[in-house]
Amino acid sequence: MRILAVSGIALALAGCMQDLGPAGDTLARDAAKGVVNSVVQTRFPGVNAEPYTDCIIDNASGSEILQIAEAAIVGTTQATTELVADIAARPETVRCAVNNSLAIPGLTL
């Protein structure tokens, strides 16, 4: 019963975020960043997760961001972790992460 209630809240929140336009997008991205940051820190302890988190969020689709943001409400699952890992492995995400971690002005790969 509790799972149904939490799922209903997550679906309602996802619908509200979409209806809010740019404000909903910002809310979803912020919620997703917290989840992604936690996943990155868990998988790579000691690494500054922020540059990787930004790259993962920037290279996720809108529906992926909503899926990840829902984990902020219902909790991170193996599926959430796998989704974050899949996005992190995309060539554009890897390129972004390398550029952000090098942080050499004017250098892009």
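What counts, and at which threshold
Residues numbered from 1 in each chain as written. Predicted model: local features only at pLDDT ≥ 70, side-chain atom pairs only at ≥ 80, totals over all residues. Heavy atoms only, no water. Helix = DSSP H or I, 4+ residues; strand = E, 2+ residues; numbered from the N terminus. Buried < 20%, exposed > 50% of the residue type's maximum accessible area, 1.4 Å probe, protein only. Contact = heavy atoms within 4.5 Å. Areas by Shrake-Rupley, 256 points an atom, 1.4 Å probe, with all protein chains shown as cover. Salt bridge = Lys/Arg side-chain N within 4 Å of Asp/Glu carboxyl O. Expected span 1.5 Å × (residues − 1). Core = buried A, V, L, I, M, F, W, Y, C linked by side-chain atoms within 4.5 Å. Disulfide = S-S within 2.5 Å.

### Remarks on the overall build of the protein chain
- What the protein chain contains, in helices and strands, is 6 helices and 0 strands.
- Starting at the N terminus, the α and β elements of the protein chain follow one another as α-α-α-α-α-α.
- Relative to its 109 residues, the protein chain shows a buried fraction of 28%.
- Counted over contacts in the protein chain with a minimum sequence separation of 6, partners at least 24 positions apart contribute 61%.
- When the accessible area of the protein chain is evaluated, it comes to approximately 6,600 Å², of which 60% is carbon and sulfur surface.

### Focus: the pattern of salt bridges
- In the structure shown here, the tally under the stated rule is 4 salt bridges.
- For Arg 95, the salt bridge goes to Glu 92, with nearest N and O atoms at 2.3 Å. With Arg 95 and Glu 92 both in helix H6 (residues 91-102) and 3 residues apart, the pair spans about one turn of that helix.

### Let's talk about helix H4 (residues 62-74)
- The terminal C-alpha atoms of H4 lie 19 Å apart, and with 13 residues this matches the ideal 18 Å at 1.5 Å per residue to within 8%.
- Along H4, the residues classified as buried are Glu 64, Ile 65, Leu 66, Ile 68, Ala 69 and Ala 71.
- Trailing H4 by a residue or two, Gly 75 shows a phi angle of about 105 degrees, which is positive.

### Quick word on the nonpolar core
- Ala 32, Val 36, Ile 56, Ile 65, Ile 68, Val 84 and Ile 87 are the most contacted members of the largest nonpolar core, which totals 18 residues.
- Going through the elements one at a time, helix H2 (22-43), helix H3 (50-58), H4 and helix H5 (78-88) are the ones with two or more residues in this core.
- At 6 residues, H2 tops the list of elements feeding residues into this core.
- Setting aside its immediate chain neighbours within four residues, Ile 68 contacts Ala 32, Val 35, Val 36, Leu 83, Val 84 and Ile 87.

### Looking at the environment of Glu 50
- Its location among the elements puts Glu 50 in helix H3.
- Residue Glu 50 is classed as exposed on the basis of its relative accessible area, which comes to 51%.
- With 51 residues separating them along the chain, Glu 50 and Ser 101 place their C-alpha atoms 9.9 Å apart.

### Remarks on the state of the cysteines
- Counted by the stated rule, this structure contains 1 disulfide.
- A sulfur-sulfur distance of 2.0 Å marks the disulfide that ties Cys 55 to Cys 96. When the S-S torsion is -75 degrees, as for the bridge of Cys 55 with Cys 96, the disulfide is left-handed. Linking Cys 55 in helix H3 with Cys 96 in helix H6, this pair joins segments that are 41 residues apart in sequence.
- Residue class for Cys 55 comes out buried when judged on its relative accessible area of 0%.

Remember that the coordinates give geometry; whether it matters functionally is a separate question.
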